[in-house]
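Close look at the chain arrangement
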Amino acid sequence: MEDIRLKDLSLDSILELIKFRNPEQKEFHQAVHEVMETIVPFIKDHKKYQNTGLIERLIEPERSVLFRVPWEDDNGNYRVNRGFRVQFNSALGPYKGGLRFHPSVNLGIVKFLAFEQTFKNSLTGLPLGGGKGGSDFNPRGKSDAEIMRYSQSFMNELHRYVSNVTDVPAGDIGVGEREVGYMFGQYKRLTAEFTGVITGKGLAYGGSKVRTQSTGYGLLYFVNAMLRNRDESIEGKKVVISGSGNVAQFACEKAIDLGAKVVAMSDSNGAIYDKDGIDEEKLEYIKHLKNVKRGRIKEYAEKYNCEYKEINPWNVDCDVALPCAAENEITEKEAKQLVNNNVICVAEGANMPCTVKAIKILQESGVIYAPGKASNAGGVAVSGLEMTQNANRLSWSFNTVDERLINIMQRIHKKCVKYGTNGNQINYLKGANIAGFIKVADAMIAQGNV
Ligand code: NDP
């Protein structure tokens, strides 16, 4: 049998290698495809990135940990789920990336998220490596006591692999302030240390102001920068948002704040369409409905007497579309619907919500498209600021953190423009991939073959 190695510097050979090594991990293949399609031509033009095993090292995680998570449900049944932590790349700093609790979680999904996270964290300009983790545990319908026992059991194992200087997890789908609190408490108990081992903590015990809002707010700061670059503004634009969780809620809040009209939101069962627009009061209802009552978005339609359909929210007339729910929610079909409905901007709040084919359709139709690694980087950026505050035993004001977030998102936008401009068009995907890559690659080369 031949040695397992990259045959040549081409996208096909890279995809062949990762498919051979990681069969079944289709989301990971997709993420590598999306990044390498723009990186390979750049490497071909820049000799210093060739012949260093750089690509092979970039697509192989430094470490993947899989573990058993035993727990007991409220009926006294012994249950078992699977936990994951992928520490992908530490060239720029300690691994950093969230934990996802959702039944769809598997090694391929965690690897795709950790791979993307490496480039995203690089774009923020902060000293953060890339990692991600989670579990196939389904929090839906579980009692608070079950969530606490599960989060504690998860940390009983995870604590061996994380610390404030090696790997600092955060939240993601299914993991919010409640779960972060239970995990932080258990880490503290196991290690007898009060350190910033996890971000997204409550404000009373080391959390940062703006962390809850950061991904959604950052998304809108980025969208505003994209529109301003075309001498337009978000003010008065009709916006459609998928999801109604953390990212979606605060994307909606900032969109309203900046004078846009948000007409649709969704959850995994369906979407509401409110032609009058979701205002602050209606948004407060959604926050209560989803965060406290843990209800369904359908109840919004019943309360405010608007349209509800058991489909995704993309087939409506809009200027700006913000996918903030899950991966691959915009395929070719939805991309065509958006183009037919005259969308001008699609920016990802979620991670990889658009398929490779959907991105091509949007770009070829002249829609300005922002990949999540640029447009949703506000979350990890404020997590990085939480780490700085914890290390210095400080707590910055809301305005201080918000201003830093605005600056970071504007700097990311500038980097995308710098590396993605082609004539009078900006390819944000290319710009984000290349800008993220350069910093990681330079650090890897400087640190030798590790
Ligand atoms: P939440 O758990 O708070 O909310 C997720 C939302 O997406 C819910 O409304 C959920 O609906 C919906 N959803 C989940 N799966 C699907 C699906 N398969 N189809 C349709 N809707 C679905 O998660 P977040 O808001 O934190 O995360 C959303 C996305 O943003 C993810 O891709 C995440 O990786 C990404 N992200 C999050 C960051 C953060 O700071 N939280 C940072 C950067 C990216 P339901 O209530 O029915 O489950």
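Residues numbered from 1 in each chain as written. Predicted model: local features only at pLDDT ≥ 70, side-chain atom pairs only at ≥ 80, totals over all residues. Heavy atoms only, no water.

1. Focus on helix H5 (residues 144-158)
Given a rise of 1.5 Å per residue, 15 residues ought to cover 21 Å, and the 21 Å separating the end C-alpha atoms of H5 matches this to within 8%. Restricting attention to buried positions, one finds in H5 the residues Glu146, Ile147, Tyr150, Ser151, Ser153, Phe154, Met155 and Leu158. Looking at the buried residues of H5, the elements they touch are strand S1 (63-72), strand S2 (78-89), strand S3 (95-101), strand S4 (129-135), strand S5 (167-170) and helix H6 (177-191). (Helix = DSSP H or I, 4+ residues; strand = E, 2+ residues; numbered from the N terminus. Expected span 1.5 Å × (residues − 1). Buried < 20%, exposed > 50% of the residue type's maximum accessible area, 1.4 Å probe, protein only. Contact = heavy atoms within 4.5 Å.)

2. Here's the deal with unusual backbone geometry
Phi at Glu24 takes a positive value of approximately 80°, unusual for a residue other than glycine. Position of Glu24 relative to the elements: it lies in the loop between helix H1 (11-21) and helix H2 (26-45). With phi around 50°, Met352 is a residue other than glycine that occupies positive phi space. Within the fold, Met352 resides in the loop between strand S11 (345-347) and helix H12 (356-364). Under the relative-accessibility criterion, Met352 is labelled buried at 2%.

3. With respect to the packing of H2 against helix H16 (residues 428-446)
Between H2 and H16, the shortest axis-to-axis distance is 9 Å and the interhelical angle comes to 70°. By the criterion of interaxial angle, the relationship of H2 to H16 is roughly perpendicular. In this structure, H2 crosses over H16, and the sense of that crossing is right-handed. Where H2 abuts H16, its residues Glu34, Val35, Thr38, Ile39, Phe42 and Ile43 lie against Leu429, Lys430, Asn433, Ile434, Phe437 and Ile438. (Axes fitted to C-alpha atoms, helices over the stretch in contact; angles between N-to-C directions. Parallel < 35°, antiparallel > 145°, perpendicular 65-115°, else oblique. Left-handed = near helix turned anticlockwise from the far one by under 90°.)

4. A short note on the site of the ligand
Around the ligand, 25 residues are found, and the nearest of them are Asp172, Thr215, Ser268, Arg296 and Asn351. Backbone polar atom of Gly174 to an oxygen atom of the ligand: 3.1 Å apart, as the coordinates give it. In isolation the ligand exposes 890 Å². Once the protein is present, 81% of that is buried. Those elements that place two or more of their residues in the shell around the ligand are helix H7 (211-228) and helix H8 (246-257). (Near = heavy atom within 4 Å. Polar contact = N/O pair within 3.5 Å; in protein donor to acceptor, adjacent residues only side chain to side chain. Areas by Shrake-Rupley, 256 points an atom, 1.4 Å probe, with all protein chains shown as cover.)

5. Quick word on the side chain of Asp73
Residue position: Asp73 is located in the loop between S1 and S2. A polar side-chain atom of Asp73 sits 2.9 Å from the main-chain amide nitrogen of Asn75. Residues in contact with Asp73, not counting those within four places in the same chain, are Arg79, Glu146 and Arg149.

6. Side note on the side chain of Thr215
On the secondary structure map, Thr215 appears in helix H7. A relative accessible area of 9% means that Thr215 is categorised as buried. Setting aside residues up to four positions removed in sequence, Thr215 forms contacts with Val247, Gly349, Asn376, Gly378 and Gly379.

7. Structural notes on the sheet that holds S2
On the basis of which strands lie adjacent, the open sheet formed by five strands has the order S1-S2-S4-S3-S5 and mixed pairing. A single partner strand is all that each edge strand has here, and the edge strands are S1 and S5. Each adjacent strand pair in this sheet contributes to an overall mean axis angle of 20°, direction not counted. One ladder, built from six bridges, connects S2 with S4; its direction is antiparallel. Bridge assignment links Gln87 to a residue of S4, and that residue is Gly131. (Pairing = 2+ DSSP bridges.)

Any link to function would need more than the numbers given here.
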